[in-house]
Amino acid sequence: MILLHDAGGDTREETVKALPAIIHYFKSQGYQFTTIADVLGKTKDDLMPPIKPDPSTGIFGPAYDVFIHGYYYVNWALIYIFLSAIFLAIGRIVLIGILAVRQRSVDKNSKKLNRNTDVMPAVSIIVPAYNEEVNAVATIQSLLKTDYPSFEIIFVDDGSKDKTFEVVESAYKGNPFIKILTKPNGGKASALNFGITHAQNDFVVCIDADTQLKTDAVYQLMTYFTDEEIGAVAGTVKVGNETNIITRWQSIEYITAQNMDRRAFDLINSITVVPGAIGAFRKSAIFRAGGFTYDTLAEDCDLTMRILKQGYVVRNCAEAIAYTEAPETINMLLKQRFRWSFGVMQSFWKNRDALFNKKYKFFGMVGMPNILIFQIILPLFSPLADLMMLFALFGEKPEKMLLYYVAFVVVDFIVGIIAFRMEKEDYKKLIYIIPQRFMWRQLMYYVLFKSLRKALKGELSGWGVLKRTGNVKVDGSGSKKAQPIYMVIGVAIIAAIVYLLYKHYS
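Residues numbered from 1 in each chain as written. Predicted model: local features only at pLDDT ≥ 70, side-chain atom pairs only at ≥ 80, totals over all residues. Heavy atoms only, no water.

Draft legend 1. Quick look at the overall build of the chain. Secondary structure assignment for the chain yields 16 helices and eight strands. The buried share of the chain, taken over its 506 residues, is 47%. Across the chain, contacts joining residues at least 24 apart in sequence account for 82% of those joining residues at least 6 apart. Total accessible area computed for the chain in this model is approximately 26,600 Å², and 62% of it derives from carbon and sulfur atoms. (Helix = DSSP H or I, 4+ residues; strand = E, 2+ residues; numbered from the N terminus. Buried < 20%, exposed > 50% of the residue type's maximum accessible area, 1.4 Å probe, protein only. Contact = heavy atoms within 4.5 Å. Areas by Shrake-Rupley, 256 points an atom, 1.4 Å probe, with all protein chains shown as cover.)

Laid out in structure tokens, this is it:
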């Protein structure tokens, strides 16, 4: 008789692993294997009779069983939620990276073959504004430097409570290139529609009043209108006021997420947001889609979706760069992102008939599911995935969960490098990805849950006001002061992960 004793913990697993080899060896030596029940002449039920519940336990016995089973299934569910979240996130990151690289190659070839820039159409640049006295004059001044043969600037004050209209009129009244309009407050969509109705030209470029364009941005946008099927072109938004860690994190997000996504989805005509900071439209496509509407907080997202549903192509122009003023405080950031998140939910619900609808091609089969899965459903479960990782770090085998998470971080970092290379950004900024990825998501969870609660309650909000500082610079350079504490946090996180893996495998 051979007795294999297990002491619990990892030794049990090693015993199980050894059994096939032990059984094979002794069978080859002529030994036979049997069970204790056969040796004693007993049945399995004799040796392991079913346990009858003790009446004296009352309700506590069944309650205990429910608790144990509940704990097991909840733990099982959390593990699979964690693994699903990690694998879906990795898959999406890899796919976005591949599509973005492919799109860049295709776009370079199309520039050489298809674009005739000998005759450029006249353009109307629409600038809606509400309480933008700090930025409005600087924005218009940057637009006057636009290197484009024929354009007009239409500034629309949407009933501002500050001196936006007065400071703009004082600075530019009588300028032949600028129309200065004012109207009662009605929201951003209302201001945009008002400006478009006063536009003389067949193409409009819409920008935010806190945004400044590179001098060739309008020209770059217009080169993409190669034929009648092009309905809109999205520009590239960058943060122009990198004055602190909050704006620096937003800069990283713009580079590695928003702009990267638009590059990728350009290839399959599934760009769902032409950003309000810089976007060009064929005016007839706007009218055919019904114009900017007032029933969402993301009027740019809603219009883009409706333009796609009309059969137009929406392109991305990486060369058309706009520098926007990002929120410089946590409170302002949360306020902005709530509006974005809630607005995207509203736009998705409004255009839900396109979801998995083959009529709308890749937009219906890829673009809309991408919003549902990666902007609504998956983020709802992501906090559970984070909790599972934390619990696993204090469990018996932290390396398993940690390896999956490290794989996610590594893939994310590699795609971040690709994004920085595409946009010719300073690689030094990549060090901020580490603390950004760990801390940024927690803020976005709060925004998502708040948006979902508001959506379920059926509430609406105005387009809101953010406190402006006027720190935007066209080269994107804000204050470049070092933020050593966040670098230390990032390095500490990496060091902790490496140490745990080393300790396990050493």
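Having seen it, we continue.
Draft legend 2. Just the side chain of Asn131, in detail. On the secondary structure map, Asn131 appears in the loop between β1 (123-129) and α5 (136-144). We classify Asn131 as buried; its relative accessible area is 18%. From its side chain, Asn131 meets the backbone nitrogen of Asp162 in a polar contact 3.3 Å long. (Polar contact = N/O pair within 3.5 Å; in protein donor to acceptor, adjacent residues only side chain to side chain.)

Draft legend 3. Highlighting the environment of Pro379. With respect to the secondary-structure elements, Pro379 resides in helix α13 (residues 361-393). For Pro379, a relative accessible area of 18% corresponds to the buried category. When the C-alpha atoms of Pro379 and Tyr445 are compared, they prove to be 6.8 Å apart, with 66 residues separating the residues in sequence. Setting aside anything within four residues of it in sequence, one finds Pro379 in contact with Ile373, Phe374, Tyr445 and Leu448.

Draft legend 4. Fine view of the pattern of salt bridges. Counted by the stated rule, this structure contains 18 salt bridges. The closest approach of N and O atoms between Glu242 and Arg248, which form a salt bridge, is 3.6 Å. Taken individually, Glu242 and Arg248 each receive the classification buried, so the pair is uniform in this respect. As a salt-bridge pair, Arg306 and Asp302 come within 3.1 Å of each other at their nearest N and O atoms. Of the two residues, Arg306 and Asp302 are both situated in helix α11 (residues 299-309); the distance of four residues between them amounts to about one turn of the helix. (Salt bridge = Lys/Arg side-chain N within 4 Å of Asp/Glu carboxyl O.)

Draft legend 5. Structural context of unusual backbone geometry. Even without a glycine there, the phi angle at Asn131 is positive, about 55 degrees. Not every positive phi belongs to a glycine, and Lys424 is a case in point at roughly 55 degrees. Among the secondary structure elements, Lys424 is positioned in the loop between α14 (398-422) and α15 (433-457).

Draft legend 6. Representation of helix α7 (residues 188-197). Burial runs high along α7: eight of the ten residues are buried. Residues of α7 that are buried include every one of Lys188, Ala189, Ser190, Ala191, Leu192, Asn193, Gly195 and Ile196, and no others. Along its buried surface, α7 packs onto β1, β2 (151-158), β3 (178-183), β4 (203-207), α10 (283-289) and α11.

Draft legend 7. Structural detail: the packing of aromatic side chains. This model, assessed by the stated rule, comprises six aromatic pairs. Seen in terms of ring centroids, Tyr25 and Phe26 are 5.1 Å apart; in terms of plane orientation they differ by 80 degrees. Their pairing is edge-to-face. Here the aromatic rings of Phe151 and Phe177 are separated by 6.1 Å at their centres, their planes lie at 25 degrees, and the arrangement is stacked. A residue pair is termed long-range when its members are at least 10 positions apart, and Phe151 in strand β2 and Phe177 in the loop between α6 (164-172) and β3 qualify at 26 residues. One aromatic cluster is present, formed by Tyr25, Phe26 and Tyr31 through successive ring pairs. Above the face of the Trp349 ring, Arg352 is positioned so that its terminal group lies 4.0 Å from the ring centre. (Phe/Tyr/Trp six-rings, centres within 6.5 Å; stacked < 30°, edge-to-face > 60°. Lys NZ or Arg CZ within 6 Å of the ring centre and 35° of its normal.)

Draft legend 8. Structural context of the packing of helix α9 (residues 245-266) against helix α12 (residues 330-350). Close contact between α9 and α12 brings their axes to 11 Å; oriented N to C, the two are set at 30 degrees. Taken as axis vectors, α9 and α12 run roughly parallel relative to one another. The handedness of the crossing between α9 and α12 comes out as right-handed. Taking contact as the criterion, the partners of Ile246, Gln250, Glu253, Tyr254 and Gln258 in α9 are, on α12, Ile330, Leu333, Gln336, Arg337 and Trp340. Each residue belonging to the contact of α9 with α12 can be placed in one class, and the counts come to five nonpolar, three polar and two charged. (Axes fitted to C-alpha atoms, helices over the stretch in contact; angles between N-to-C directions. Parallel < 35°, antiparallel > 145°, perpendicular 65-115°, else oblique. Left-handed = near helix turned anticlockwise from the far one by under 90°. Nonpolar A, V, L, I, M, F, W, Y, C, P; charged D, E, K, R; others polar.)

Draft legend 9. Fine view of the nonpolar core. Residues Ile126, Phe281, Phe292 and Ile307 are the most contacted members of the largest nonpolar core, which totals 67 residues. Considering every element that reaches this core, the biggest residue donor is helix α4 (residues 60-114), with nine residues. Once residues within four sequence positions are removed from consideration, Ile307 is found in contact with Gly231, Ala232, Phe281, Ala285, Ala289, Tyr312 and Val314. (Core = buried A, V, L, I, M, F, W, Y, C linked by side-chain atoms within 4.5 Å.)

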